[in-house]
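Understanding the architecture of this molecule
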Amino acid sequence: MNITAVRVRKVAKDGKMKAVVSITLDDEFVIHDIKVIEGEKGLFIAMPSRKASDGEYRDIAHPINSETRSMIQQIVLQRYEEALANDDAADDSEAF
């Protein structure tokens, strides 16, 4: 499985959620609404979820093993950091 595309939509408001991300797997399957969250120990991802009738949130789509979750998280957070850097570079160039 290869992640062939990552689309980052940064969240403008203050709060723990920093971005919403969509990933494409093998140019064939898309997962929307992966959230980039700022936690006590740094950034992490939360897979798409919905609220169940008991009030708990349950993932709609998620990796089966920790290696796959780590791979997805590493790529998503890398692209998020790149998006932030691109915004900072654009802000710096507009200042001149």
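Our subject in this report is the structure included herewith. (Residues numbered from 1 in each chain as written. Predicted model: local features only at pLDDT ≥ 70, side-chain atom pairs only at ≥ 80, totals over all residues. Heavy atoms only, no water.)

Points about the overall build of the chain
- Helix and strand counts for the chain stand at one helix and six strands.
- Summarising its shape, the C-alpha atoms of the chain cover approximately 55 × 30 × 25 Å along the three principal directions.
- A burial count over the chain gives 23% of its 96 residues as buried.
- Partitioning the intrachain contacts of the chain with sequence separation of at least 6 by distance along the chain shows that 27% fall at a separation of at least 24.
- Taking the 13 positively charged and 18 negatively charged side chains of the chain as two groups, their mean positions are separated by 8 Å. (Helix = DSSP H or I, 4+ residues; strand = E, 2+ residues; numbered from the N terminus. Buried < 20%, exposed > 50% of the residue type's maximum accessible area, 1.4 Å probe, protein only. Contact = heavy atoms within 4.5 Å. Lys, Arg positive; Asp, Glu negative; His and termini not counted. Charge placed at Lys NZ, Arg CZ, Asp CG, Glu CD.)

Remarks on the pairing of strand 3 (residues 29–39)
- The sheet contact formed by strand 2 (residues 17–25) and strand 3 spans seven bridges and is antiparallel. Bridging across to strand 3, Leu-25 finds its partner in Phe-29.
- The turn joining strand 2 and strand 3, which pair antiparallel and follow one another in sequence, is formed by three residues; a positive phi near 50 degrees is taken by Asp-26.
- Relative to strand 4 (residues 42–46), strand 3 is paired through five bridges, and the arrangement is antiparallel. Its bridge partner being in strand 4, Val-36 is matched across the sheet by Ile-45.
- The loop that links strand 3 with its antiparallel partner strand 4 comprises two residues. (Pairing = 2+ DSSP bridges.)

Here's the deal with the sheet that holds strand 2
- Pairing in this open sheet of four strands is antiparallel, and the strands run 1-2-3-4 from one edge to the other. The outermost strands of the open sheet, each flanked by one partner alone, are strand 1 (3–10) and strand 4. Each strand of the sheet is rotated relative to its neighbour by a mean of 25 degrees, with strand direction disregarded.
- Pairing of strand 1 with strand 2 involves seven bridges; the strand directions are antiparallel. Its bridge partner being in strand 2, Val-6 is matched across the sheet by Ile-23. (Axes fitted to C-alpha atoms, helices over the stretch in contact; angles between N-to-C directions.)

Concerning the side chain of Thr-24
- You can see Thr-24 is positioned in strand 2.
- Ignoring sequence-local partners within four residues, the contact set of Thr-24 consists of Asn-2, Ile-3, Thr-4, Ala-5, Arg-7, Phe-29 and Val-30.

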